[in-house]
Amino acid sequence: MQDLLRYAIKEAESLGASDAEAYAAASAESEVFIENNDVKLAKSQKTSSIGVRVLLNGSAGFYSVNSLTKSRIKDAAFMAVKIARVSPKDRHHSLPGRSKARMLSGIYDKKAESFAASDAARMAAEMLGEAKSYDSRVSVDSGNFNADVATHVLANSNGSELAERASVFSWSIMGMAIDGSDISNFDSQLGGSHSVKGIDVRAAAREFAETVVNSLGSRRIESFKGGMLLTPVAVNEMIQEGISHSINSDAVQKMSSHFAGKIGKNVSSDLLTVEDDATNVEGLGASSFDREGVPHHKNIVIEKGVLKKFLYNTYTARKDGVRSTGNASGSTVSPPSVSTTNFVVRPGGSRLDTLVSEMKNGIIISRFSGNVNPVNGDFSGVVKGGRLVKNGAVQHAVKEVMVAGNVFEALRRLNGVSRERKIIYDSILPYMRFGGISFTAG
Amino acid sequence: MNLMSDASVTDRLRTLISVSRGASYVEARYQARLTTEVNFVNGELERIRVVENAGCGIRVLVDGCWGFSSTNSLSSGALKESMGHSISAARVLAKTKKSKVTGLAASKMVAGTFRTSVNGSLSDIDIEQKVQIAREGEKAARSNKAVKAASCTYREMLDHKAIVNSDGADVEIYDSKPEFSVAAIARRGGQSATAHEGVGVTGGWNDLFKKNHLEYAVTASERAAKLLDARKISGSKSTLILDPAMVGLLSHESIGHMVEADFVLSGSMVKDKMGQQVASEHVTLVDSGRSEIMNNAGGTIIVDDEGVAAGRTAIIENGILKSFLHNRESAMMFGTASTGNARAFQYSDEPLIRMRNTFIEPGADKLADMIKETNHGYVVKGARNGQADANGEFMFGAEEVYLIENGKVKELMKGASISGNAFETLRSVDMVGDEFHYDIGTGYCGKYQPAKVDGGGPYIRCTAVIGGLQ
């Protein structure tokens, strides 16, 4: 594939581009879908595509085609240059220099090559069976098991040439529990692994089944202010976006980050340490280099509540006169943007059951269904799979409870982080407990 | 786009279908999509990209199991190989699938070529003009001094599709869906407020810009500034007058998803409610692949991806639950006809039951009367994202909320969340306006794969919980 990428760069340069980058991906995928308590469809496919980015007199152009034939790549280079000619100039555009990435081990499992569609079907059936056998009231609305082996190749006119192969297995299960006319809230659980050995569909199925069964028999409650214990999934839904937006250099430069100007300052209680770590191979966001070919390494973003750094790609780094942190993101269908790789919250010192038993008056939230404004941190929504806790003991499931507050204020009232963590694709998150949250009865 | 000539695509698909063996049903869908996107943020070009995605998706039914495979190469060898993969995939399920697909509902298969009617072909508009529109829109969104950040996006999807199946569908479709959206963020001290405006249509350049692009931008700019000074709402159950966008979102999120037949089979709360009164008699709620009542609805599809005409389906008629949304498989299970709701986003996606344009039909009430007859309540406008649950609980955001006191519209309040039970809310509808608009055409619905949808309605008056921050 490197030859084709070199060809794309040469073509772009011959048309007048001062800099050019080609990024291609080829993948083979097997997927089995679950629907209505049964396997539904098996899918197998191969895809390949290339994105060509060019710079010309300070302007950028981008064109992508899902074909790796020379003639289509030539067209893509031509169109990318044509687009650059009508784009406004921006002196911050540049491509990173040649660099040597230390290649990660643990993101590619050779066994994935022989992982057949029939294996994917077996995994899907196992996940379904586990959930159904937990309790006869469990109804699985949908789910999937996906096995993907992909090769990513990048080259640029500064001499960078990189390639990496990764295998990713991922699975999800979603549904509810039904007991006569009592229908629980939805719950969904996910899992993932780079290796065949790491596949554990049963854990996701059990967690899903337990959550939906626990949310049967829900009762209305009075409005109150109290503690909030979020599961890793709920942390992902309510808290993570506010942080990942605020540590993104792009948001900082666009003045939409709440953390702008706060490097070295406290942004949370000292229980919180956040890492962006593409080298953590437990997370599905692991890879050796970023979308522009900058090598990945661990970035400690928040340490014991203190903001340490923002995340950069080459463009935003140049704007701030710093180095890229290796956070150029995106696929072959778009030019690079900035985002987290694996969002990792360090485990805390408390066990989950201790976090519950220490709660005087509060709610455990399995899922959060609502809106979070990542700019100002305001959130409001409905508690899903919520359970009322009084004097350290779980009382009952709750229904139609709204929760509202502010992520950044809540982080200052973070008063518990569990030792236990869950991997949610490219997030590794603990249970997190906050004080002084407003719950409104529906 | 230099892809396949029209004749050669359908010919190849026909040949492929004719040689399929061992499958009780074969469907081959070619789709070439050209996506163009230009996005300006805070005076700078944030992103410009053009993406071609073309190939063929093949779905087969073998021994009562579905298999799907796709390829980006359209050589006859690659197509045959992909068909082989699809058949093997289906066979893989034979051991684990409990209830086999017994057949597909008989449907009239569509044949012919269909072109979305466009006023101003998008291909004739130079990319330079698309850049200019987005640049000007972003600048105008910063026209109010309180606005400190803004963004404007122009996006278009041009599709060429061919659908051929072993039951006789033989369709070629040319579709065009442009959209334009603006966001303005006003800031003062530690306070910030965001306003969005936009339009998304099925049609051409002039269909998109019936209203000047700068009008959207200036409206967003001014509203963001006003929202800075707005008071917060405290949570309570209230009388609400929902605007067409909120009605579209309510129809889509809280009713539409619950009546998708695949979801009904999984245990949606509507499963035993067919023929029952589920909403007030003022409510007729429709999902249609056509652009009913007004032109250019963003979710218009003409024919679905199983080759069935995508017509009008009354989900609720005068308050009575009348129909679920079906593909051919679910229609067979329910002993009814497909409603033409099988949709795939790209060639590499398999068709799923998805909505199209979902709306409440207009009634006879004047908005002015609805306000006049409300003692205390809110006019709720500017739909943001929403979610709904299997038990009918829904919750979505609204950007623009006006207090009504003693029959008069008072001050603008900060954005809020609306929540409740979908059917309780629809049962509470006591007034339905006479004006109709589609207004969520910039939105995409997600269900493993995106779908371009639209929704709308008249203003309606109902009761639900409003409150919280957003």
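Residues numbered from 1 in each chain as written. Chains lettered and ligands numbered in written order. Predicted model: local features only at pLDDT ≥ 70, side-chain atom pairs only at ≥ 80, totals over all residues. Heavy atoms only, no water.

## Structural notes on the packing of helix 1 (residues 2–14) of chain A against helix 2 (residues 70–86) of chain A
Residues and elements named next belong to chain A.
Consideration 1: Look at helix 1 against helix 2: their axes get within 9 Å of each other, and the N-to-C directions meet at 40°. The chirality of how helix 1 crosses helix 2 is right-handed. Of the residues in helix 2, those in contact with Leu-4, Tyr-7, Ala-8, Glu-11 and Ala-12 of helix 1 are Lys-70, Ile-73, Lys-74, Ala-77 and Val-81. (Axes fitted to C-alpha atoms, helices over the stretch in contact; angles between N-to-C directions. Helix = DSSP H or I, 4+ residues; strand = E, 2+ residues; numbered from the N terminus. Left-handed = near helix turned anticlockwise from the far one by under 90°. Contact = heavy atoms within 4.5 Å.)

## Some points on helix 2 of chain A
Consideration 1: Over its 17 residues, helix 2 of chain A runs 25 Å from end to end, which matches the ideal 24 Å to within 8%, given 1.5 Å per residue.
Consideration 2: Where helix 2 of chain A is concerned, the buried positions are A:Arg72, A:Ile73, A:Ala76, A:Ala77, A:Ala80, A:Val81, A:Ile83, A:Ala84 and A:Val86.
Consideration 3: For helix 2 of chain A, the secondary structure elements touched by its buried residues are helix 1, strand 2 (38–56) and strand 3 (59–65) of chain A together with strand 2 (44–62) and helix 3 (127–141) of chain B. (Expected span 1.5 Å × (residues − 1). Buried < 20%, exposed > 50% of the residue type's maximum accessible area, 1.4 Å probe, protein only.)

## Considering the pairing of strand 17 (residues 378–384) of chain A
All names here are of chain A.
Consideration 1: Summarising burial for strand 17: seven of the seven residues are buried, a large majority.
Consideration 2: The pairing of strand 16 (residues 367–372) with strand 17 spans six bridges and is antiparallel. Across the sheet, residue Arg-367 finds its bridge partner in strand 17, namely Lys-384.
Consideration 3: Connecting the antiparallel pair strand 16 and strand 17 is a turn made up of five residues, with Gly-377 showing a positive phi of about 85°.
Consideration 4: Bridge count between strand 17 and strand 20 (residues 401–406): five bridges; the pairing is antiparallel. Among the inter-strand pairings, Phe-379 is bridged to a residue of strand 20, identified as Gly-405. (Pairing = 2+ DSSP bridges.)

## Considering the domain arrangement of chain B
All names here are of chain B.
Consideration 1: Each assigned domain of chain B is listed here: domain 1 (6–227) and domain 2 (236–468).
Consideration 2: Placing a centre on the C-alpha atoms of domain 1 and another on those of domain 2 gives a separation of 22 Å.
Consideration 3: Taken together, the 57 residues of domain 1 in the interface contact 40 residues of domain 2.
Consideration 4: Buried area between domain 1 and domain 2, both sides added, is near 3,700 Å², and the carbon and sulfur share of it is 50%.
Consideration 5: Taken together, the links from domain 1 to domain 2 amount to six salt bridges.
Consideration 6: A salt bridge links Arg-223 to Glu-400; the shortest N-O distance between them is 3.2 Å. (Domains from an automatic or database assignment. Buried area = accessible area lost by both parts, 1.4 Å probe. Salt bridge = Lys/Arg side-chain N within 4 Å of Asp/Glu carboxyl O.)

## Considering the sheet that holds strand 23 (residues 454–457) of chain B
All names here are of chain B.
Consideration 1: Judged by pairing direction, the sheet is mixed, and its six strands sit side by side in the order 11-10-9-14-23-20 without closing on themselves. Each having just a single partner strand, strand 11 (320–321) and strand 20 (437–438) make up the two edges of the open sheet.
Consideration 2: Bridge count between strand 9 (residues 285–288) and strand 14 (residues 357–360): four bridges; the pairing is antiparallel. Of the residues in strand 14, the one forming a bridge with Ser-288 is Asn-357.

## So, unusual backbone geometry
Consideration 1: Located in the positive-phi region is A:Asn57, a residue other than glycine, with phi close to 50°.
Consideration 2: With respect to the helices and strands, A:Asn57 occurs in the loop between strand 2 and strand 3.
Consideration 3: Using a relative accessible area of 57% as the deciding quantity, one classes A:Asn57 as exposed.
Consideration 4: Unusually for a residue other than glycine, B:Asn406 sits at a positive phi of about 50°.

## Regarding the packing of helix 3 (residues 117–134) of chain A against helix 4 (residues 201–214) of chain A
Residue and element names in this part refer to chain A.
Consideration 1: For the pair helix 3 and helix 4, interaxial distance at closest approach is 8 Å and the crossing angle is 30°. Our classification of the angle between helix 3 and helix 4 gives roughly parallel. The two elements helix 3 and helix 4 cross, and the hand of that crossing is right-handed. Side by side, helix 3 and helix 4 meet where Met-123, Glu-126, Met-127, Glu-130, Ala-131 and Tyr-134 of the first sit next to Val-201, Arg-202, Ala-205, Arg-206, Phe-208, Ala-209, Glu-210 and Val-213 of the second.
Consideration 2: A per-class count over the contact of helix 3 with helix 4 returns nine nonpolar, no polar and five charged. (Parallel < 35°, antiparallel > 145°, perpendicular 65-115°, else oblique. Nonpolar A, V, L, I, M, F, W, Y, C, P; charged D, E, K, R; others polar.)

## Focus on the interface of chain A and chain B
Consideration 1: At the junction of the two partners, chain A supplies 75 residues and chain B supplies 71 residues.
Consideration 2: Both sides of the chain A and chain B interface together cover about 6,000 Å² of buried area, and 51% of this is carbon and sulfur.
Consideration 3: When the buried surface of chain A facing chain B is broken down by residue, A:Asn66, A:Lys254 and A:Asn371 rank first, second and third, together holding 10% of it.
Consideration 4: Taken together, chain A and chain B are joined by seven salt bridges.
Consideration 5: We note a salt bridge from B:Glu46 to A:Lys254, for which the minimum N-O separation is 2.6 Å.
Consideration 6: Counting the contacts that link chain A with chain B gives 34 residue pairs in polar contact (both at pLDDT 80 or more). (Polar contact = N/O pair within 3.5 Å; in protein donor to acceptor, adjacent residues only side chain to side chain.)

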